[in-house]
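# Report on the structure
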Amino acid sequence: MSQASDTVVEVRGLTNRFGSHVVHNGLDLDIRRGEILGVVGGSGTGKSVLLRSIVGLKRPDGGSIHVLGEDLQRLAPDRRARIERRFGVLFQRGALFSSLNLQENVALPLIEHLGMARADAEHLARLKLALAGLPSQAAQLMPDALSGGMVKRAALARALALDPEVLFLDEPTAGLDPIGAAAFDTLLMTLRDALGFSVFLVTHDLDTLYTACDRVAVIAHRRILVADRLDVVEATDDPWVRDYFHGPRGRAARHAAHAAKEG
C-alpha cells in the first residue's frame, strides 16, 4: 500500500491568524489510516484551532488541508457534505443538545444526514449508546442528568453515529477522574481496533498519550515540532518537550504504561 493511500488527512503549509496574532505558520501534519494520533502543545499553541481547521469549522488563512483525498474548501456544498459525513467530532464538554435526551441526540445526525425515519434512527442510536458503554436506560436521560464520564460517552456515541472513517476528539478525558479517563482510553482503543477508524486526539492527558496513542504530534513555534512514536518525541531537544514528558507527571505516566505492558 502506498504512503498516499495510508494518509487520511494531509495538512501542508497551514497558516491561521486571528487579527495580527499568528497561531500557525507553515504547519505540516499527516494522519495515517487506522492510527490514534495524539496532538499536544502548550496553552495557546492552537491545538483546537488545528482540529477546527481540519473539520472545516475555520477557514485557514493559508496552506492546504485534504481529508480523505478531498480539499473541503474547494468542494461544492453537496460534495462537501458527503465527505463530512465520513468523519465524526467530539467537542470539549460534549456539546450535547440540552433539550434532547441521549437517544435523540445520537439519532439527530442519522435523521438529518441520512434521512432515516425517526423510529429507525432512535433504534440505531440505542445501539451506538451501547457501543459507547452506556446502559440501556441512559437513552432516555437528559444531558443535565449525566455524570462527566457519561457525557463523554454519549458525545462519543453521537460522533460514531454515521460510522466515521476519521474521529476527531477534543480533550475527551478532560475533567474525568483517573478511573473514568482510563476507561475511556480503553474504550477508544477497543472501538478503533474493532471498527478501523483513524483518530485525531487533542489532549493534555499524559496517561492517554502513553496508553492509547500510536504517534504523538507536538505543536510548538506555530508548527509541528515533531510527529512520531513517543520514544522519538521524548528524545526531541526542546524545552517544552523536556518539561512535559520528563517532569514528574510524565515520568509517572511512562512508568505506569510500562508496568501495564509488562503485567
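Residues numbered from 1 in each chain as written. Predicted model: local features only at pLDDT ≥ 70, side-chain atom pairs only at ≥ 80, totals over all residues. Heavy atoms only, no water.

### Brief notes about the packing of helix α3 (residues 102–114) against helix α5 (residues 148–159)
Running from amino to carboxyl end, α3 crosses α5 at an angle of 25°, the nearest separation of the two axes being 8 Å. Judged by the angle between their axes, α3 and α5 are roughly parallel. α5 is crossed by α3, and the crossing has right-handed handedness. Between α3, through Leu102, Asn105, Val106 and Pro109, and α5, the contact on the second element is made entirely by Ala154, Ala157 and Arg158. The residue makeup of the contact of α3 with α5, split by class, is five nonpolar, one polar and one charged. (Axes fitted to C-alpha atoms, helices over the stretch in contact; angles between N-to-C directions. Helix = DSSP H or I, 4+ residues; strand = E, 2+ residues; numbered from the N terminus. Parallel < 35°, antiparallel > 145°, perpendicular 65-115°, else oblique. Left-handed = near helix turned anticlockwise from the far one by under 90°. Contact = heavy atoms within 4.5 Å. Nonpolar A, V, L, I, M, F, W, Y, C, P; charged D, E, K, R; others polar.)

### Focus: the sheet that holds strand β2 (residues 21–32)
Here four strands make up an open sheet; going across it, the order is β2-β1-β4-β5 and the pairing antiparallel. Because the sheet does not close on itself, it has two edges, and the strands there are β2 and β5 (70–71). Bridge count between strand β1 (residues 7–18) and strand β4 (residues 62–67): five bridges; the pairing is antiparallel. Across the sheet, residue Val11 finds its bridge partner in β4, namely Ile65. Helix α1 (residues 47–55) rests against β1, β2 and β4 of the sheet, and its axis sits at about 120° to β1. (Pairing = 2+ DSSP bridges.)

### Some points on the packing of aromatic side chains
If you walk through the whole model with that rule in mind, you get five aromatic pairs. Ring geometry for Trp240 versus Tyr244: centroids 4.5 Å apart, planes at 15°, classification stacked. Of this pair, Trp240 and Tyr244 both sit in helix α9 (residues 239–246), separated by four residues, roughly a single helical turn. With a relative accessible area of 15%, Tyr244 lands in the buried category. Note that Lys58 overlies the ring of Phe18, its terminal NZ or CZ placed 5.2 Å from the centroid. (Phe/Tyr/Trp six-rings, centres within 6.5 Å; stacked < 30°, edge-to-face > 60°. Buried < 20%, exposed > 50% of the residue type's maximum accessible area, 1.4 Å probe, protein only. Lys NZ or Arg CZ within 6 Å of the ring centre and 35° of its normal.)

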